[in-house]
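Coordinate analysis (summary)
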Amino acid sequence: MDNELGPCWRDVEDVLDAGVDRLLLYGPPGTGKTYAALAVGTGAPAERIVCTEDLTGAEVTGTWMPGEGGRFAWREGPAIRAWRADGGRGGRLVLDEVDRAAGDALATLLAVTDSSASARWRHPESLEWVSPGPDYSVVATSNAEDVEDLPASLLDRFAVRVRIDRPHPAAVAALAPDLRGPALAGSLGPSSRRVSLRRFYAFARLRERLGAERAAAIVFGAAAPDVLDALAIAALA
Ligand SMILES: Nc1ncnc2c1ncn2[C@@H]1O[C@H](COP(=O)(O)OP(=O)(O)O)[C@@H](O)[C@H]1O
Ligand SMILES: [Mg+2]
């Protein structure tokens, strides 16, 4: 199995190593964007926000929560926690499927991803001004095929964008040897025929219990015969 990083994954490592602190990863799902956003180039555990149409600004910077004696206290959200992580050094904030955020949440995301010199937030309870620590970084992910499908305001925050066009080799290597070739081939095809790595993970789990044919029928549907053929060919190689 070829363990070399594809060019896109080398770019991800190199730009994060070089200290780029706002990075957008986009492209087909199931290739390892979220995994890399959480893991590459950060020591402290990352804070993660999964963006949806229903995301609110409160889920980004925080909200009032009832505490002892019914007194409300401000509970800081993931973005502010990432600003303050690691004793004030700052840590990684992952904005998953960032293009889905809208309205007030999008405005708040734009505020917390602004360049660290300008980003400030005022704690509503203590009135303390907070700014991001020096090691704060944001990696956003999107399953958009084309970067131009993302809102211009968001693109402005992420000057460095890498299109991920192939699964991370470690994600492929996590599969049984006979599944690696077909999974790689399946995830590189044209979007209409692409099969996400996640399906191969599900297939691997199911076939242990149900056998390959039934597992393939359940997981791959109409594409099951093609996948089984590919596996048979892989087994001969
Ligand atoms: N480097 C890796 N090592 C091991 N497993 C990985 C790696 N990258 C991704 N995976 C696995 O592959 C699947 C898809 O990864 P994910 O990051 O969710 O993809 P995406 O965000 O591009 O849709 C997940 O089950 C994830 O755990
Ligand atoms: Mg993802």
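Here, the structure is the one placed above.
Report follows, based on the coordinates. (Residues numbered from 1 in each chain as written. Chains lettered and ligands numbered in written order. Predicted model: local features only at pLDDT ≥ 70, side-chain atom pairs only at ≥ 80, totals over all residues. Heavy atoms only, no water.)

This part is about the site of ligand 1. What surrounds ligand 1 is the set Pro 29, Gly 30, Thr 31, Gly 32, Lys 33, Thr 34, Tyr 35, His 168, Ala 170, Ala 171, Arg 198 and Tyr 201. Thr 31 places a main-chain nitrogen or oxygen 3.1 Å from an oxygen atom of ligand 1. Gly 32 places a polar main-chain atom, nitrogen or oxygen, 3.0 Å from an oxygen atom of ligand 1. With the chains in place, 79% of the 570 Å² that ligand 1 exposes on its own is no longer accessible. (Near = heavy atom within 4 Å. Polar contact = N/O pair within 3.5 Å; in protein donor to acceptor, adjacent residues only side chain to side chain. Areas by Shrake-Rupley, 256 points an atom, 1.4 Å probe, with all protein chains shown as cover.)

Reading across from one edge, 2-5-8-1-9 is the order of the five strands in this open sheet, with parallel pairing throughout. Every other strand in the sheet has two partners, leaving strand 2 (47–50) and strand 9 (160–163) as the edge strands with one partner each. Taking the axes of each pair of neighbouring strands and ignoring which way they run, one obtains an average angle of 15 degrees across the sheet. Sheet analysis places strand 2 next to strand 5 (residues 92–96), joined by four bridges and oriented parallel. If you follow Val 50 over to strand 5, its bridge partner there is Asp 96. Along the sheet, helix 1 (residues 7–17) makes contact with strand 1 (22–26), strand 5, strand 8 (137–142) and strand 9, crossing strand 9 at roughly 155 degrees. (Pairing = 2+ DSSP bridges. Helix = DSSP H or I, 4+ residues; strand = E, 2+ residues; numbered from the N terminus. Axes fitted to C-alpha atoms, helices over the stretch in contact; angles between N-to-C directions. Contact = heavy atoms within 4.5 Å.)

If you check which residues of helix 10 (residues 212–220) are buried, you get Ala 215, Ala 216, Val 219 and Phe 220. For helix 10, the buried positions fall inside an angular range of 100 degrees around the axis, keeping them on one side. On its buried face, helix 10 sits against helix 9 (197–210) and helix 11 (224–236). One or two positions beyond helix 10, positive phi appears at Gly 221, with a value near 60 degrees. (Buried < 20%, exposed > 50% of the residue type's maximum accessible area, 1.4 Å probe, protein only. Arc of directions from axis to C-beta.)

On to the packing of helix 8 (residues 177–188) against helix 9. At a closest axis distance of 10 Å, the pairing of helix 8 and helix 9 adopts a crossing angle of 150 degrees. Here helix 9 runs roughly antiparallel to helix 8, going by the angle between their axes. You can see that helix 8 and helix 9 cross each other, and the crossing is right-handed. Between helix 8, through Asp 178, Leu 179, Pro 182 and Ala 183, and helix 9, the contact on the second element is made entirely by Leu 197, Phe 200, Phe 203, Ala 204 and Arg 207. Class assignment for the residues of the contact of helix 8 with helix 9 results in seven nonpolar, no polar and two charged. (Parallel < 35°, antiparallel > 145°, perpendicular 65-115°, else oblique. Left-handed = near helix turned anticlockwise from the far one by under 90°. Nonpolar A, V, L, I, M, F, W, Y, C, P; charged D, E, K, R; others polar.)

Counting buried residues in strand 1 gives five out of five residues, a clear majority hidden from the surface. Residues Arg 22, Leu 24 and Tyr 26 point to one face of strand 1 and Leu 23 and Leu 25 to the other, with burial holding for every one of them. Bridge count for strand 1 against strand 8 is five bridges, and the pairing is parallel. Its bridge partner lying in strand 8, Leu 23 is registered against Val 139. Note: strand 1 against strand 9, four bridges, orientation parallel.

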